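Topology and contacts: notes
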Amino acid sequence: MVEVKKLKKYFVLRGKGLWGKKYFVKAVDDVSFFVKEGQSVAIVGESGSGKSTLIRCINGLVKPTSGQVFLDGESVVGLKGNEYKEKVAKKVQMVFQDPTTSLNPRLRVFDIIVEPVLAQQRVPKAQLVDLVNDLLRKVGLDPKLSDRYPGELSGGQCQRVAIARALSVRPKVLLLDEPTSSLDVSVQAQVLKLLNELRQTFHLTYIFVSHDLGVVRNVAERVFVMYLGRIVEIGPTEEVIDQPLHPYTKLLIESIFYPDPNVEMKKPAIVEEVETTMNAGCRFRNRCPFSTKECEIYDMKPLEASRDRYVSCIKWEVMERWSS
Amino acid sequence: MNELVKFENYSLTFKTLYGDVRALRNLSFTINSGEIVALVGETGCGKTVTALSIIGLLPENASQTGKIFFKGIEVNHENVKRIRGKEVAIVFQDPTSSLNPLYSIEQQLVDVLVSRWDIPKSEAKEKIDGLLRQVQLFDVDRIRRAYPHELSGGMRQRVMIAMALACEPSLLIADEPTTALDVTVQRQILYLIWELQRARKFSVLFITHDLGIVAQLADRVVVMYAGNIVEMAPKKELFSNPLHPYTSGLLNCALDPRKKKLPEPIPGSLPSLTGLLDGCIFRERCGRVQNDCGILTPELAEVRPSHFVACHLWREQRG
Amino acid sequence: MKLIRLALKNRLAKFSLTIVSIFALLALIAPWIVPYKEQALGEPNMAERLLSPSLRHPFGTDHMGRDILSRMIYGARTSLFTAVSVVFLSALIGVPIGIAAGYFGGLVDNVLMRFTDVFLSFPPLLLALLIASTLGKGLFNAILALVITWWPWYARLVRSQALSTKSLAYVEAARAAGVSNFMIMFRHILPSCIAPLAVQCTMDMGSAILEAAALSFLGLGVQPPMPDWGLMISEGKAYFLNYWWVPTFPGLFMLVLVMSFNLLGDVFRELVDPRLRRRMLI
């Protein structure tokens, strides 16, 4: 359904001074994966991992430096205008992180929701009204809210409107960029529940971006862990969280604070900072307790660890034995 | 244990174009010396303004009633300056905007030391190495000369903590200090705060909405909702016996990565903070609401040892 | 519109808005209320020249015997017409250029901004002189000169607003929905520019009046015998010592009107800035 092949996005920056050398920030560095129709996958990573850039390459908001993106078998990189509308906008829509900036504060909810529809074709007003009312009900909002402005709604309500807008063109895939990170905890659960229901109702495919493994556990079947632009681990959600194979994934899991008062305060395993300027070899090696000389030339390609499990680490078997 | 900070029936109202916003209503609680108190609540519950009112950093349109005591003495306009930045230090959420981008780290640390201890600049400069190492910034030479934008978010926050500790405060207020940081960095920063507190025994008022952090960091927990304290208890007691319906709802909503379980959400939404309200502030969303809840405002009362709750459900058990 | 409603809650705003409205009203109905219409339009009345203020001539008469009050009311017409034209035409040119530059960025931005820079470097008065000497003197040429030097400021203002708006999530959402660039600029970027534009245009009204007056003072704008405040001051300055009322009243009126616009602009600016707005008590 959605396939990404050798995707790269490099940003060009200039070094210090008048004659600073140009250098690249490799936001996304040779990423390949695919998502089957109807699946729900999560891309997990911290800031600088490239996850947000990656999904924006999928729906064309960011133009990749190289590589390909396929939707339903068709290549969609660099499309514009009507072709973009036909092949991308109709099939993939996005829900953004911050509900307050993802809705135009000067437009009414009604106009916000119908904008994607009207961008594709002219639709008579009566039909639009029906569509909006139907969508609002489906996302758990009162249709009377269609007259309001985003400023009059709460964060959770705004996010539901954003979801309604994304669904207005009946896409097959939803890209969700940390949709609950800006919401209160009590509202998060509501929105996640809604998203799960909608996926069943509309047979959608979800690509979630998140840094919160609690959210990921509850919405995604499959997880891709990213670090500095590369995928480091792939697998079913429960397996990756309960038995992480890559040292970075282990670090992520160990850093979580569980809402359990009986767990003692643990000292963090690694204190070194992220090193972004490494260009060759495994990017994680400066923080990895298991790294050796070989890690300096390893190109971080995912290795198959078992059925449906991939790790980008040449030492994973060693660590498996070591920790078990 | 003596009382470091004490709030006594403290209320805070903001006068705005849209009416009076009652941000805090009748707050009464204590922070003892040497303990970590977590102030938990969601957006708009008033946790940040509670912290700001201890040091008097409130906007002009704020009007207060009730009292705040620091080390037994009532805090007012004149003496608040003696505790601000000296006895009480604060670390804010966003390290990027809390540090001045135009000055180097060294200059900003020196500023803090000079104004707090009234020592000459040269003497202050000597102390910087020690301060930075304390917060585990070991590359001292580079960091001293660096400007804020040259450091990562985690490093900036460590600098903020160093600045706060340079004052050798009795109370450190941390207002969601790790919300803007990555998960792995968060663990480092929180462990740092925890370790320093265990060593130096200053009190910490830790403001957060993350129950995971509360579970591991706090000694005591204060739960706030829409400007009121609804429950207050030692950490383990709160997690095992949440008495207030809001607290149990909130605990329920915390997502645990170890389990796949979507909780029952708390229905409804926050009430408006303008306008007078009799009765319990949570009644419109409460699953166990009773007749009295609409008429009588529940008071915070000790229902089990050290466990306070403001809810009519536990009226009979009040001591 | 919400801006105006909020503004009306502020006393200073009400005061300045009242003054501006009075001037506007006077300007509109001038032909019907002016006591000495013909004189206002320039017909001399040498028998009554340089009379000091009295009941018949509340502001006195000028060196041609014309009633100063009438000429001043008519002068309000010219001033306001000039100010509105200059501001409006400059915005008409500058806003689309600024939005396009800010939204598209890259080469388009570079080209448009260098083009704008060229016009920014023209000194207004010298340009006015140039135009006057080649195309002739008169009100319309003066307006032309002012517009040419005025529009770049709007382009810049709007460009910076467009730059910050285009990175907002709702613009991304529109792009992801396949909305055309033109619609995005019209529906999302342009409205976000209205607020800072409104502030700038209000304050610019005052400056436009002053610059137009300067031009006519120098003889480059409105020509005699048309009534215009700048012109009245210019013609009247010779009589200042003995007949003080001749240049003074036009100057005073101008001061009051310009100040009102500036005050109104200040109020708008405070309202538009969300940080300042929070501090505004009733």
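The paragraphs below set out a description of the structure included in this document. (Residues numbered from 1 in each chain as written. Chains lettered and ligands numbered in written order. Predicted model: local features only at pLDDT ≥ 70, side-chain atom pairs only at ≥ 80, totals over all residues.)

**Some thoughts on the overall build of chain A**
What chain A contains, in helices and strands, is 11 helices and 12 strands. The principal-axis extents of the C-alpha atoms in chain A amount to approximately 70 × 55 × 45 Å. (Helix = DSSP H or I, 4+ residues; strand = E, 2+ residues; numbered from the N terminus.)

**Concerning the overall build of chain C**
When you go through chain C residue by residue, the secondary structure sums to 12 helices and 0 strands. When the helices and strands of chain C are placed in sequence order, the string is α-α-α-α-α-α-α-α-α-α-α-α. Dimensions of chain C, computed from C-alpha atoms along their principal axes, come out at roughly 75 × 50 × 30 Å. Buried positions account for 44% of the 282 residues belonging to chain C. (Buried ≥ 20, exposed ≤ 12 C-beta atoms within 10 Å, placed from the backbone.)

**Section: the sheet that holds strand β4 (residues 62-70) of chain B**
Residue and element names in this part refer to chain B. The 4 strands lie next to each other as β2-β1-β4-β5, forming an open sheet whose pairing is antiparallel. With partners counted over all chains shown, the strands left at the sheet margins are β2 (19-32) and β5 (73-74), one partner each. Judged from the 10 bridges that link them, strand β1 (residues 3-16) and β2 form a sheet pairing that is antiparallel. Within the sheet, the bridge partner assigned to glutamate 3 lies in β2 and is asparagine 32. The strands touched by helix α1 (residues 47-54) are β1, β2 and β4; relative to β2, the strand with the most contacts, the crossing angle is about 65°. (Pairing = 2+ DSSP bridges. Contact = placed C-beta atoms within 7 Å. Axes fitted to C-alpha atoms, helices over the stretch in contact; angles between N-to-C directions.)

**Remarks on the interface of chain A and chain B**
The extent of an interface is frequently quoted as the accessible surface area lost upon association of the parts. Counting residues at the interface gives 33 residues for chain A, matched by 38 residues for chain B. Every element with two or more residues in the side of chain A that touches chain B is listed here: α7 (185-202), α8 (213-219) and α10 (247-254) of chain A. Among the elements that take part in the side of chain A that touches chain B, α7(A) stands out by supplying 7 residues, more than any other. Taken together, the residues of the side of chain A that touches chain B sort by class into 17 nonpolar, 9 polar and 7 charged. (Nonpolar A, V, L, I, M, F, W, Y, C, P; charged D, E, K, R; others polar.)

**A few points about the sheet that holds strand β4 (residues 66-71) of chain A**
Residue and element names in this part refer to chain A. Across the sheet, which stays open at both edges, the 4 strands sit in the order β2-β1-β4-β5 with antiparallel pairing between neighbours. The open sheet is flanked by β2 (22-35) and β5 (74-75), the only strands paired with a single partner. Pairing between β4 and β5: 2 bridges, direction antiparallel. Note that in β5 the partner of leucine 71 across the bridge is glutamate 74.

**Brief notes about the packing of helix α2 (residues 11-33) of chain C against helix α4 (residues 68-104) of chain C**
Angle between the axes and distance between the axes are the two parameters that describe a pair of packed helices. Residues and elements named next belong to chain C. Two numbers describe how α2 lies on α4: the axes approach to 8 Å, and their chain directions differ by 105°. Regarding the angle of α2 to α4, the classification is roughly perpendicular. Where α2 abuts α4, its residues Phe23, Ala24, Leu26, Ala27 and Ala30 lie against Ile73, Tyr74, Ala76, Arg77 and Leu80. Among the residues making up the contact of α2 with α4, the classes are represented as 9 nonpolar, no polar and 1 charged. (Parallel < 35°, antiparallel > 145°, perpendicular 65-115°, else oblique.)

**Some words on unusual backbone geometry**
Residue and element names in this part refer to chain B. Not every positive phi belongs to a glycine, and alanine 226 is a case in point at roughly 45°. Locating alanine 226 in the fold gives a position in the loop between β9 (220-225) and β10 (228-234). C-beta crowding within 10 Å serves as the criterion here: with 22 such atoms nearby, alanine 226 is assigned to the buried category. Phi at serine 306 takes a positive value of approximately 60°, unusual for a residue other than glycine. Topologically, serine 306 is positioned in the loop between β11 (301-304) and β12 (307-309). A tally of 10 C-beta atoms within 10 Å means that serine 306 is categorised as exposed.

**Side note on the environment of Leu24(B)**
With respect to the secondary-structure elements, Leu24(B) resides in strand β2. With near-sequence residues (within four places) excluded, Leu24(B) lies in contact with Tyr10(B), Ser11(B), Leu12(B), Gly46(B), Val49(B), Thr50(B) and Gly227(B).

**A few points about the packing of helix α5 (residues 106-120) of chain C against helix α7 (residues 139-166) of chain C**
Residue and element names in this part refer to chain C. It is at 8 Å that the axes of α5 and α7 come closest, and there the two elements cross at 140°. Looking at the two axes, α5 sits oblique to α7. For the element pair α5 and α7, the recorded crossing hand is left-handed. Here Thr116, Phe119 and Leu120 of α5 lie close against α7, whose contacting residues are Ile148, Thr149, Trp151, Pro152, Ala155 and Arg156. Taken together, the residues of the contact of α5 with α7 sort by class into 6 nonpolar, 2 polar and 1 charged. (Left-handed = near helix turned anticlockwise from the far one by under 90°.)

**Overview of the nonpolar core**
Within the largest apolar cluster, 268 residues are counted, with the highest numbers of intra-cluster contacts made by Phe208(A), Ala38(B), Ala162(B), Ala164(B), Leu205(B) and Phe206(B). For this core, the element with the most residues is α4(C), which contributes 17 residues. Other than its neighbours up to four places away in sequence, Phe206(B) contacts Ile36(B), Val37(B), Ala38(B), Leu39(B), Ala174(B), Leu217(B) and Ala218(B). (Core = buried A, V, L, I, M, F, W, Y, C linked by C-beta atoms within 7 Å.)

**Focus: the pairing of strand β6 (residues 88-91) of chain B**
All names here are of chain B. Neither face of β6 is open: one carries Val88 and Ile90, the other Ala89 and Val91, and all of them are buried. Bridge analysis of β6 against strand β7 (residues 171-175) gives 4 bridges, and the strand direction is parallel. Looking at the pairing, alanine 89 lines up with leucine 172 of β7.

**Comments concerning helix α5 (residues 121-134) of chain B**
Residue and element names in this part refer to chain B. Given a rise of 1.5 Å per residue, 14 residues ought to cover 20 Å, and the 20 Å separating the end C-alpha atoms of α5 matches this to within 8%. The largest bend in α5 is about 30°, located at lysine 127. For α5, every residue scored as buried is listed here: Ala124, Leu131 and Leu132. Lining the buried residues of α5 we find α4 (105-117), α6 (140-145) and α7 (153-166). (Expected span 1.5 Å × (residues − 1). Bend = angle between axes of the 7 residues up to and from the residue.)

**Structural notes on the environment of Leu25(C)**
All names here are of chain C. Inspection of the secondary structure puts leucine 25 in helix α2. Here leucine 25 falls in the exposed class, since 12 other C-beta atoms lie within 10 Å of it. Spatially, the C-alpha atoms of leucine 25 and alanine 76 are 9.7 Å apart, while their sequence positions differ by 51 residues.

**Some details on helix α9 (residues 181-217) of chain C**
Here α9(C) is 37 residues long, yet its end C-alpha atoms lie only 46 Å apart, well below the 54 Å a rise of 1.5 Å per residue gives. In the structure, α9(C) departs most strongly from a straight axis at Leu190(C), where the bend amounts to approximately 40° and where the proline Pro191(C) lies between one and four residues downstream.

**Examining the pairing of β4(B)**
Residue and element names in this part refer to chain B. Summarising the sheet, β1 and β4 pair through 8 bridges and their orientation is antiparallel. Note that in β4 the partner of leucine 12 across the bridge is glutamine 64. Judged from the 2 bridges that link them, β4 and β5 form a sheet pairing that is antiparallel. Within β5, the position partnered with phenylalanine 70 by the bridge is isoleucine 73. The turn linking β4 back onto β5 is made up of 2 residues, and lysine 71 within it adopts a positive phi angle of 50°.

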